[in-house]
Amino acid sequence: MEGEDVGTGAVGDLPSRDLQDIPAVEVISRAAVMLMSAAAEQLGLADPDPDDPAHRDLDEARRLITALAGLVRAAAPDLGPHAAAFRDGLSGLQAAFREYSPHPDAPGEGPGERPAR
């Protein structure tokens, strides 16, 4: 991966840089934002009518929210003051998942709510 060029893709409008030049906290933050955005899309939150979106895939949203929860928990010490914003975003996605689920999980059993084993 040495010298690999990182494109902007869907993550942001930052110019391309060598991967070795990107601080770890920035890579972690970008990954978290991508997971949050993808989960919101799968929940239909980006639709003009989120209560009746053209697309909603709760199975995919569950996977993304669970991955986000793991990343946020593991990286919280490194995210410093920004960790709270990622935790708030995660909580919002978990609440939306519960709201849109036809059979909500028991408390503590939803995506990303169980501690890692």
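Conventions used here
Every chain is numbered independently, its residues counted from 1 as its sequence is written. In keeping with the model being predicted, local features are shown solely for residues with a pLDDT of at least 70 and side-chain atom pairs are shown and tallied solely at 80 or more, while totals for entire chains, interfaces and linings include all residues. The basis for the side-chain values is all heavy atoms of the structure; hydrogens and waters are excluded. Secondary structure elements follow DSSP: runs of H or I of four or more residues count as helices, runs of E of two or more count as strands, with numbering from the N terminus. Residue exposure (1.4 Å probe, protein chains only): buried if accessible area is under 20% of the type maximum, exposed if over 50%, otherwise partly exposed. We call two residues contacting when some pair of their heavy atoms lies within 4.5 Å. The nonpolar core is taken to be a set of buried Ala, Val, Leu, Ile, Met, Phe, Trp, Tyr and Cys residues, with the residues joined through side-chain atoms within 4.5 Å. The span expected for a helix works out to 1.5 Å for each residue beyond the first.

Okay, the environment of Pro53 next. If you trace the backbone, Pro53 turns up in the loop between α1 (24-43) and α2 (58-79). Overall, Pro53 belongs to the buried group, its relative accessible area being 15%. Expressed as a C-alpha distance, the spacing of Pro53 and Glu41, which sit twelve residues apart in the sequence, is 9.8 Å. What Pro53 contacts, discounting residues up to four positions off in sequence, is Leu43, Gly44 and Asp47.

If you look at the biggest cluster of nonpolar residues, it comprises 24 residues, and the most contacted ones within it are Leu43, Ile65, Leu68, Leu79, Phe86, Leu93 and Phe97. Of all the secondary-structure elements, those providing two or more residues to this core are α1, α2 and α3 (83-100). Each residue touching Ile65, except ones within four places of it in the same chain, is listed here: Ala39, Leu43, Leu90, Leu93, Gln94, Phe97, Pro111 and Gly112.

A rise of 1.5 Å per residue sets the reference length of α3, with its 18 residues, at 26 Å; its end C-alpha atoms lie 26 Å apart and thus fit the reference within 8%. Check the buried side of α3 and you find it contacts α1 and α2.

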